[in-house]
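Summary of the model geometry
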Amino acid sequence: MDTVFYGLDPLFWVPVKATVADVLAMAPVENRQGVFKFLGHLVRSAEIHGLVVAVTQTYNIVSYTVDDGTGTLLCCRWKDSVDAQKVFALGTSVRVTGFLSDTHDVRQLQVDKMGENTDPNRELSHALEAKLLKKKLYQRDFGVPTAISDKLQDINAALNKRRHEEHTLRPAKRKKLACGVEDQQFLLEYLKKYYADGTLFDVQDLRSEGDLSEEFQRHQATTGANVHLKQFLEVTIKALRDMGAIEAVKKREQTKHRLVNMAGLEKKVIDIVRASQQKESTLEYGGTMTEYILAKVLEHHSMSKETLIIHLQRMVNKGLLYMSDRREYMVLD
């Protein structure tokens, strides 16, 4: 079958209900990675049910060996996938849906969804359903209608023409927006005017404010730039975050931002380091460690370690602090 017709078979797009033995018997299609021949159809994914009989893991993958009585199949799940924190113990009855693959000549399911079977009859009913579908549907060869297959040459010509048009009409890749000092200063002054009290904000919040839109238009007229407000905010907020002027805050699974009082923070850090230097233990070891400064700052401010380190480095660059050989901070009186 020509690759143009693969998607005409509905089973190409959905997981086939199968036993492990069925999955192991599927033949890979030559030069088509991830596509397998299953009886009269070409498929890419499958659903199996069985018991977990082995669990192994690496730093980024958890691998379950699932046994349904007809064979065993390796099911691999990325640790950074949704609900990957859920670990299934040995002997757990599970349902697994995933994409078929052959890795190092071993048949696998790359897990898309995996869950525990709470119904004790679910594994058996899946086996019966898979057997029935195999007899009634899967064994029937999928055939491309003659009215379509006879026009293969015309279809390929039309597809090639469309690909050429899409390539020709594709807009040129936008240059990465540069964020200048004027842009950073403009947004920072605006934030100081309206968010100095520690109010959280994000790009959507700022975009909805009429005052910012008007001021941004005047700012663009001055600089001669012509970019969308959303793109400007995304790039400039990142630049301000990198320099420590604002910091990211997780709020109900959303990332917000908060203005940092840099002058107040600098004074606080200097007071902490100066007080620490007066202690004999600090004099003996040569300076104040980052962890100690962070602990003291957190008594009065909510701040991440990364943001504090950015500020400490900036204070070193400004000559407010200097670093000892052991990368500890000191103040020159």
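This text goes with the structure placed above it.
Remember, it's a predicted structure, so these values are computed and weren't measured experimentally. (Residues numbered from 1 in each chain as written. Predicted model: local features only at pLDDT ≥ 70, side-chain atom pairs only at ≥ 80, totals over all residues. Heavy atoms only, no water.)

A short note on the overall build of the protein chain
For the protein chain, the count of helices and strands is twelve helices and 13 strands. Evaluated residue by residue, the protein chain yields a buried proportion of 37% over its 333 residues. In the protein chain, the proportion of contacts linking residues at least 24 apart, taken out of those at least 6 apart, comes to 58%. Carbon and sulfur atoms make up 52% of the accessible area of the protein chain, which amounts to about 21000 Å² in all. (Helix = DSSP H or I, 4+ residues; strand = E, 2+ residues; numbered from the N terminus. Buried < 20%, exposed > 50% of the residue type's maximum accessible area, 1.4 Å probe, protein only. Contact = heavy atoms within 4.5 Å. Areas by Shrake-Rupley, 256 points an atom, 1.4 Å probe, with all protein chains shown as cover.)

Re the environment of Ile309
Among the structural elements, Ile309 can be located in helix 12 (residues 305-318). Along the chain, Ile309 and Gly244 lie 65 residues apart, while their C-alpha atoms are 8.8 Å from each other.

Some details on a positive patch on the surface
Together, Lys131, Lys135, Lys136 and Arg140 line one region of the surface with positive charge. Of note, Lys135 is situated in helix 2 (residues 122-138). (Patch = residues over 30% accessible without salt bridge, like charges linked within 9 Å, V, L, I, M, F, W, Y side chains within 5 Å. Salt bridge = Lys/Arg side-chain N within 4 Å of Asp/Glu carboxyl O. Lys, Arg positive; Asp, Glu negative; His and termini not counted. Charge placed at Lys NZ, Arg CZ, Asp CG, Glu CD.)

As for the pattern of salt bridges
Enumeration over the complete set of coordinates arrives at eight salt bridges. Across the pair Arg107 and Asp102 runs a salt bridge whose closest N-O atoms are separated by 2.4 Å. Residue classification places Arg107 among the buried residues on the basis of a relative accessible area of 12%. You can call Asp102 partly exposed: its relative accessible area is 36%.

Overview of the packing of helix 11 (residues 290-297) against helix 12
When two helices pack together, their arrangement is captured by the angle between the axes and the distance separating the axes. Where helix 11 meets helix 12, the closest approach of the two axes is 11 Å, and the angle between their N-to-C directions is 110°. The orientation of helix 11 relative to helix 12 falls into the category roughly perpendicular. Here helix 11 and helix 12 pass one another in a crossing that is right-handed. Only Lys305, Leu308, Ile309 and Leu312 of helix 12 make contact with helix 11, whose side of the interface consists of Thr290, Glu291, Ile293, Leu294 and Val297. When grouped by side-chain class, the residues that make up the contact of helix 11 with helix 12 number six nonpolar, one polar and two charged. (Axes fitted to C-alpha atoms, helices over the stretch in contact; angles between N-to-C directions. Parallel < 35°, antiparallel > 145°, perpendicular 65-115°, else oblique. Left-handed = near helix turned anticlockwise from the far one by under 90°. Nonpolar A, V, L, I, M, F, W, Y, C, P; charged D, E, K, R; others polar.)

Section: unusual backbone geometry
Even without a glycine there, the phi angle at Leu39 is positive, about 55°. Position of Leu39 relative to the elements: it lies in the loop between strand 3 (36-38) and strand 4 (41-43). Here the phi dihedral of Asp105 falls at roughly 65°; this positive angle occurs in a residue that is not glycine. Within the secondary structure layout, Asp105 lies in the loop between strand 8 (93-103) and strand 9 (106-116).

Examining the sheet that holds strand 2 (residues 27-28)
Hydrogen bonds between backbone groups are what pair the strands of a sheet, and the pairing can be parallel or antiparallel. Overall, antiparallel pairing links the three strands, which are arranged 2-3-4 in an open sheet. The open sheet has two free edges, formed respectively by strand 2 and strand 4, since each of these has just one partner strand. Two strands pair when backbone bridges link them, and strand 3 and strand 4 are joined in this way by three bridges, in the antiparallel orientation. Note on strand 4: the bridge partner recorded for Phe38 is His41. (Pairing = 2+ DSSP bridges.)

Considering helix 12
Its 14 residues give helix 12 an end-to-end C-alpha distance of 20 Å, which sits within 8% of 20 Å, the value for a rise of 1.5 Å per residue. Residues of helix 12 that are buried sit in contact with strand 10 (246-251), helix 9 (262-277), helix 11 and strand 13 (329-330). Where helix 12 ends, the next residue or the one after it, Gly319, has phi of about 85°, a positive value. (Expected span 1.5 Å × (residues − 1).)

A short note on the packing of aromatic side chains
Counted according to the given criterion, the structure contains seven aromatic pairs. Centre to centre, the rings of Tyr195 and Phe201 are 5.0 Å apart; their planes meet at 55°, and the pair counts as tilted. Grouping residues by exposure puts Tyr195 and Phe201 together as buried. Seen in terms of ring centroids, Phe216 and Phe232 are 4.7 Å apart; in terms of plane orientation they differ by 45°. Their pairing is tilted. In this pair, Phe216 is assigned in helix 7 (residues 210-223) and Phe232 in helix 8 (residues 229-242), connecting sequence segments 16 residues apart. Each member of the pair, Phe216 as well as Phe232, is classed as buried. Each member of the aromatic cluster is reached from another via a ring pair, and the members are Phe186, Phe216 and Phe232. For the cation-ring pair, Arg44 lies above Phe12, with the distance from its terminal atom to the ring centre recorded as 4.6 Å. (Phe/Tyr/Trp six-rings, centres within 6.5 Å; stacked < 30°, edge-to-face > 60°. Lys NZ or Arg CZ within 6 Å of the ring centre and 35° of its normal.)

So far we have only geometry, and geometry alone does not tell us how the molecule works.
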